[in-house]
Amino acid sequence: MKVSPGTRMHVLLTMVMVVCVVAGGACFGFAFGGWTGAAVGAGTTAVGVGLGGFFHSRIAMDPLPGDRTDGVPEGIADVVVMGVALYEAAVFPVVPGGVSEREQRARRTVAYRLAAYDGLPRAVRVSAAGALEVIDEGLDKQRARTAMKELSLAVYDSRGGH
């Protein structure tokens, strides 16, 4: 069975946290009862962490009612809106000269990369491209806001069950 690096990292961090909590229980027990207290503190902490992990995983694995989608395209569409909005804020800053050319180029690059993601619904990609085109012109702040509104509506319409 192949396990993703993210899952592996999550398990390792969880194990480290459990060891630290049990060691903390042992130290707390040792402070009040010597070596016997350390053993009792570590044991009760380990049992508590084990029971908490068991019941938490049962809650986390319980499926939610409704559509069973993973939500990745919707999440990425939201990130696209955020990236394009940050680029818009760099092109039309509140304070004139408040954003450097370097930061503006960096935000533009990020916005374009996010908007080009293949997993996005077509309507969102087209709307994002339109918004980026208007923002690139940098002439009309009101047109840019209208394009951002259209992008937000395209993201909303692309969601299932709205």
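Because the structure is predicted, anything quoted here is derived from the model rather than measured.

What counts, and at which threshold
- Residues numbered from 1 in each chain as written.
- Predicted model: local features only at pLDDT ≥ 70, side-chain atom pairs only at ≥ 80, totals over all residues.
- Heavy atoms only, no water.
- Phe/Tyr/Trp six-rings, centres within 6.5 Å; stacked < 30°, edge-to-face > 60°.
- Helix = DSSP H or I, 4+ residues; strand = E, 2+ residues; numbered from the N terminus.
- Salt bridge = Lys/Arg side-chain N within 4 Å of Asp/Glu carboxyl O.
- Buried < 20%, exposed > 50% of the residue type's maximum accessible area, 1.4 Å probe, protein only.
- Core = buried A, V, L, I, M, F, W, Y, C linked by side-chain atoms within 4.5 Å.

Asker: Would you explain the packing of aromatic side chains in this entry?
Answerer: The way to describe two aromatic rings as a pair is by their centre distance and the angle between their planes. Enumeration over the complete set of coordinates arrives at two aromatic pairs. Considering the side-chain rings of Phe28 and Phe32, the 4.9 Å spacing of their centres and the 65° angle between planes classify their relative orientation as edge-to-face. Within this pair, Phe28 and its partner Phe32 are both found in helix α1 (residues 5-61), separated by four residues, close to a single helical turn.

Asker: Teacher, can you tell me more about the pattern of salt bridges here?
Answerer: Side chains carrying opposite charge are able to pair once their charged atoms draw close together. Applying the stated criterion across every chain yields a total of three salt bridges. Across the pair Arg107 and Glu103 runs a salt bridge, and its minimum N-O distance is 2.6 Å. In this pair, Arg107 and Glu103 both sit in helix α3 (residues 101-115), four residues apart, roughly one turn of the helix. Among the residues examined, Arg107 registers a relative accessible area of 24% and is labelled partly exposed. Put simply, Arg108 and Asp136 hold a salt bridge, and the shortest N to O gap is 3.1 Å. Remark: Asp136 occurs in helix α4 (residues 122-137) and Arg108 occurs in helix α3; sequence separation between them is 28 residues. Take Arg108: its relative accessible area is 36%, and that puts it in the partly exposed class. Taking the relative accessible area as the measure of exposure, Asp136 reaches 30% and is therefore partly exposed.

Asker: Which parts of the structure should I look at to understand the nonpolar core?
Answerer: Within soluble globular proteins, side chains that are nonpolar tend to cluster in buried spots. Grouped together as the largest cluster of nonpolar side chains are 22 residues, with contacts concentrated most on Val80, Val84, Ile135 and Leu151. When residues of this core are traced back to their parent elements, those giving at least two are α2 (72-91), α3, α4 and α5 (141-158). Among the elements that take part in this core, α2 stands out by supplying seven residues, more than any other.

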